Amino acid sequence: MLAEIEIDHVSQMGHGVGYDAAGNIYFVEGAIPGDTVEISFSEHGKRYRDAELLSLKKPSPERVPPVCPHFQVCGGCDWLQWEYRAQLDAKEKMLMHLLERNDIRFRNKLPIAEAPSRLEYRNRIQLHCQGDKIGFNRRRSHEIVEIEYCHLAHPKLNQALRELREKRPGFSLEPRFELLLNEKGTVEVVRQTEAESFLQVNTAQNERLRLLVAEIVRSDGGKNILELYCGDGNLTFAYRPPEGRIIAIDASSAAIEKARKRDNGTGASVDFRQMRIDGALRRRLPAGYRDGYDTLILDPPRAGADLASFVHNKLMHIIYVSCSPGTFVRDVRSLKKEFAFETLQAVDMFPHTRHIEFVSYLKRLL
Ligand SMILES: C[S@@+](CC[C@H](N)C(=O)[O-])C[C@H]1O[C@@H](n2cnc3c(N)ncnc32)[C@H](O)[C@@H]1O
């Protein structure tokens, strides 16, 4: 079936969304708001339909030429064809729409922190290797696309990729590996198994994130802090107050080992623990602490966290860093009667992709 529609907004998957006169809803990969597109679809009878973009009848005024010839073949970028400012607005709108639909209103909503570098911002890339080919996965496929230059990756990573290609064949590589630009500014080849500790991909925006969390801790005066999903202490060493006690937990032994090594002993004592976080964890914390921490900081993966099981009467402050608006809403919805939703700010960690990251601050209602 064919149709012509105008794209109204983008979905959480980054696809253009438009309607036909009968009110059917179409999801069109590659389309952006303001485009008029000819589409084909097969899901006749359903109200929500995935459709293929056949041709651009009238391009959106927000369209820009994509810098990469592999755009829409490679699975890396969602929005290289879209003006950066419009991408930011779309991310904010998506987040606010979801919060409002769930009756979650923040008192102080700060504008999204835009990325200083929209290109070449990634400090690590995941690559695939098959025979002599090294590259990224094709969209919705395990086939490899060999890319000359990835415009989202730091130039040093691109140079390392070029050098690896020149060394092939005769240079042994894992089927999946990472190129990582480390703190010293040199590139490491990391096997997938070794890359088990999480690292923020955008160094400049990670600094914004760290500052934001640190500012909230400084102004709210929290001293006894429980931090969940601490990784290698990325946030811990930014917010660590001059005195008090922190218990910081993560499941990754590699990350906890790194965190312990980073600890220079100044400020509040930090007890890094390697533990799996679940609804039963609080009972396993030291007596006195499990009902005594005044601040909870969490930065879970997309799956979110069983936040309610960490709330007790003396908990005054919650700082929740999220990369998934949907699970965030699920996790905080039940706290509306006990906590004021104080501050919200998104930080654009991943320009040209649909991904969003944000920091939220909830304060106990007195
Ligand atoms: C989004 S990362 C955040 C890491 C850190 N806060 C940072 O800024 O780099 C999520 C972290 O959750 C950890 N994690 C995932 N599932 C977990 C679980 N069930 N229990 C404990 N940690 C978990 C991962 O090891 C990872 O370090």
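**Student:** Before we move on, can you summarise the sheet that holds strand β14 (residues 269-274) with the specific residues and values?
**Tutor:** Ordered by their spatial adjacency, eight strands build an open sheet running β6-β17-β18-β16-β15-β12-β13-β14, and the pairing between neighbours is mixed. The open sheet is flanked by β6 (108-113) and β14, the only strands paired with a single partner. Averaged over all adjacent pairs, the angle separating strand axes in this sheet is 15 degrees, with direction ignored. As judged from the six bridges shared by strand β13 (residues 245-250) and β14, these two strands associate in the parallel manner. Bridging across to β14, Asp250 finds its partner in Gln274. Its contacts with the sheet place helix α1 (residues 84-101) against β6, β17 (339-347) and β18 (357-364), and it is angled at close to 150 degrees to β6. Contacts from helix α6 (residues 325-332) reach β16 (317-322), β17 and β18 within the one sheet, and its direction differs from that of β16 by about 160 degrees.

**Student:** With reference to specific residues and values, describe the domain arrangement of the protein chain.
**Tutor:** Each domain of the protein chain was delimited in the assignment, giving domain 1 (2-63), domain 2 (86-116 + 202-364) and domain 3 (124-196). Each of domain 2 and domain 3 has a C-alpha centre, and the two are 31 Å apart.

**Student:** Describe in detail the packing of α1 against α6, supporting the description with residues and values.
**Tutor:** Look at α1 against α6: their axes get within 10 Å of each other, and the N-to-C directions meet at 25 degrees. What the angle tells us is that α1 and α6 run roughly parallel. At the point where α1 passes α6, the crossing takes the right-handed sense. Where α1 approaches α6, its residues Leu95, Leu98 and Leu99 are matched on the opposing element by Pro325, Gly326, Phe328 and Val329. Its residues assigned to classes, the contact of α1 with α6 comprises six nonpolar, one polar and no charged.

**Student:** Describe unusual backbone geometry, naming the residues involved and giving the relevant values.
**Tutor:** Even without being a glycine, Gln72 presents a positive backbone phi close to 75 degrees. Mapped onto the secondary structure, Gln72 falls in the loop between β5 (48-58) and α1. Its identity is not glycine, yet Asp103 carries a phi of approximately 55 degrees, on the positive side. Along the chain, Asp103 turns up in the loop between α1 and β6. On the accessibility criterion, Asp103 (47% relative accessible area) is partly exposed.

**Student:** An account of the sheet that holds strand β3 (residues 25-28) is needed here, citing residue identities and associated values.
**Tutor:** Pairing between sheet strands relies on hydrogen bonds along the backbone, with the strands arranged either parallel or antiparallel. Reading around the barrel, the five strands line up as β1-β2-β3-β5-β4 and close back on themselves, with mixed pairing between neighbours. The mean inter-strand angle of the sheet, taken between neighbouring strand axes irrespective of direction, is 50 degrees. Relative to strand β4 (residues 36-41), strand β1 (residues 2-10) runs antiparallel, the two sharing five bridges. By the bridge assignment for β4, Glu6 is matched with Thr36.

**Student:** Please give an account of the site of the ligand that cites residues and values.
**Tutor:** Lining the immediate environment of the ligand, one finds 16 residues, of which Tyr229, Asn234, Asp250, Ile277 and Asp299 sit closest. Protein contacts shield 87% of the accessible area of the ligand, which totals 600 Å² for the unbound molecule. Partitioned by chemical class, the residues of the shell around the ligand number nine nonpolar, four polar and three charged.

**Student:** How would you sum up the environment of Glu6? Please name residues and give values.
**Tutor:** In this fold, Glu6 is placed in strand β1. In this structure the C-alpha to C-alpha distance between Glu6 and Arg210, which are 204 residues apart in sequence, comes to 40 Å. Leave out the neighbours within four places in its chain, and Glu6 touches Val17, Gly18, Tyr19, Gly34, Asp35 and Thr36.

**Student:** Outline the pattern of salt bridges, supporting the account with residue identities and numerical values.
**Tutor:** Considering all chains together, one arrives at 24 salt bridges under this definition. Residue Glu114 pairs with Arg118 through a salt bridge whose shortest N-O separation is 2.5 Å. Its relative accessible area of 32% is what places Glu114 among the partly exposed residues. For Arg240, the salt bridge goes to Asp263, with nearest N and O atoms at 3.0 Å. With Arg240 in the loop between α4 (236-239) and β13 and Asp263 in the loop between α5 (253-262) and β14, the pair connects residues that are 23 residues apart, well separated along the chain. According to the relative accessible area criterion, Arg240 is buried, its value standing at 15%.

**Student:** I'd like to hear about α1, residue by residue, with values.
**Tutor:** Look at α1: 26 Å from first C-alpha to last across 18 residues, which is about the 26 Å you get at 1.5 Å a residue. Every buried residue of α1 is listed here: Tyr84, Ala86, Gln87, Leu88, Ala90, Lys91, Glu92, Met94, Leu95, Met96, Leu98 and Leu99. Count one or two residues on from α1 and you reach Asp103, which has phi positive near 55 degrees.

Criteria and thresholds
Residues numbered from 1 in each chain as written. Predicted model: local features only at pLDDT ≥ 70, side-chain atom pairs only at ≥ 80, totals over all residues. Heavy atoms only, no water. Pairing = 2+ DSSP bridges. Helix = DSSP H or I, 4+ residues; strand = E, 2+ residues; numbered from the N terminus. Axes fitted to C-alpha atoms, helices over the stretch in contact; angles between N-to-C directions. Contact = heavy atoms within 4.5 Å. Domains from an automatic or database assignment. Parallel < 35°, antiparallel > 145°, perpendicular 65-115°, else oblique. Left-handed = near helix turned anticlockwise from the far one by under 90°. Nonpolar A, V, L, I, M, F, W, Y, C, P; charged D, E, K, R; others polar. Buried < 20%, exposed > 50% of the residue type's maximum accessible area, 1.4 Å probe, protein only. Near = heavy atom within 4 Å. Areas by Shrake-Rupley, 256 points an atom, 1.4 Å probe, with all protein chains shown as cover. Salt bridge = Lys/Arg side-chain N within 4 Å of Asp/Glu carboxyl O. Expected span 1.5 Å × (residues − 1).

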